[in-house]
Amino acid sequence: MDFLTALLSIVVIDLVLAGDNAILIGLAARNLPKQQQKKVILWGSVGAIIIRIIATLAVVWLLEIPGLHLVGGLLLVIIAYKLLVDDDDHGDVKAGENFWAALRTVIVADALMGLDNVLAVAGASHGNMLLVIVGLLISVPVVMWGSTIILKWIDRFPIIVTIGAGVLAWTASKMIVGEHFLGGFFENSFIKYGFEILVIAAVILAGKYAQKKAASKKEEKALLKA
């Protein structure tokens, strides 16, 4: 049951975080002929996934170092919050003029953008290497073919992003309570689960508040222009 719960968390994380990388692949290949676009999407995705598997396995190993579960958990809290409040603009992604230029752009940009995904999957796997591999294999079709579907789903059901942020926040809280030197503090189940619920609620409420604030600022600017 724990395995299936962790796998479900990884799938949700992949859906909300890997879609961004799929969009970037499309943008990097937009100036190429259709046939070359397909090759860039295929090999760019393969290259990005290989890098991500190596990076995730490295992070899983690093998380064994005392204190890094706490650091990783706090970073994931920030990522979960930013998922709710960031209005990502991909307009600065440079389109490659030839196959190799586009491929290089895809792999380098995806490696940089995929750091949040790597940390989230490593945290959700709880050190289980099989979960890491299965989770990353699930992200292959998401990165390769999922961008259009994900964007349609998110436009139609914005709650998907909120659910994704909640899963990230839950993963972050489990990383923090799993920190060895904090074990004594979270021995009590009430404190442990109460803290996890508090982290999830705090991230979602803070994100929703920031969204409302940003929306009201946009309305004010629109009224001033009018």
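Residues numbered from 1 in each chain as written. Predicted model: local features only at pLDDT ≥ 70, side-chain atom pairs only at ≥ 80, totals over all residues. Heavy atoms only, no water.

A. Region of the structure containing the layout of surface pockets. Size it by volume and the second largest pocket reaches roughly 240 Å³. What lines the second largest pocket is a set of 14 residues, and nearest its centre among them are H69, H126, K174, M175 and G178. When residues of the lining of the second largest pocket are traced back to their parent elements, those giving at least two are α5 (115–125) and α8 (159–177). The greatest single-element share of the lining of the second largest pocket, amounting to three residues, is contributed by α8. Here the residues of the lining of the second largest pocket sort into five nonpolar, six polar and three charged. (1 Å grid on protein atoms, 1.4 Å probe; cavity = no way out; pocket = protein on both sides within 12 Å on 5 of 7 lines; lining within 4 Å. Points joined across faces, edges and corners; volume = space filled by probe spheres on them. Helix = DSSP H or I, 4+ residues; strand = E, 2+ residues; numbered from the N terminus. Nonpolar A, V, L, I, M, F, W, Y, C, P; charged D, E, K, R; others polar.)

B. How the structure looks around the confidence of the model for the protein chain. Residues at a pLDDT of 70 or more form 73% of the protein chain, whose mean pLDDT is 75. Per-element averaging of pLDDT across the protein chain places helix α7 (residues 147–156) at the bottom with 64 and helix α9 (residues 189–225) at the top with 87. (pLDDT = per-residue confidence, 0-100.)

C. Helix α2 (residues 34–62), seen in detail. Helix length check: α2, at 29 residues, gives a terminal C-alpha distance of 41 Å against a target of 42 Å (1.5 Å per residue), a fit within 8%. Here α2 has its buried residues at Q37, V40, G44, S45, G47, A48, I49, R52, I53, T56, V59 and V60. (Expected span 1.5 Å × (residues − 1). Buried < 20%, exposed > 50% of the residue type's maximum accessible area, 1.4 Å probe, protein only.)

D. Seen up close, the packing of helix α3 (residues 68–85) against α8. At a minimum axis separation of 8 Å, α3 and α8 run at an interaxial angle of 170 degrees. Taken as axis vectors, α3 and α8 run roughly antiparallel relative to one another. Pair α3 / α8 crosses with left-handed handedness. Contact residues: H69, L70, G72, G73, L74, L76, V77, I79, A80, L83 and L84 in α3; V161, T162, G164, A165, L168, A169, T171, A172, M175 and I176 in α8. Per-class residue counts for the contact of α3 with α8 are 15 nonpolar, six polar and no charged. (Axes fitted to C-alpha atoms, helices over the stretch in contact; angles between N-to-C directions. Parallel < 35°, antiparallel > 145°, perpendicular 65-115°, else oblique. Left-handed = near helix turned anticlockwise from the far one by under 90°. Contact = heavy atoms within 4.5 Å.)

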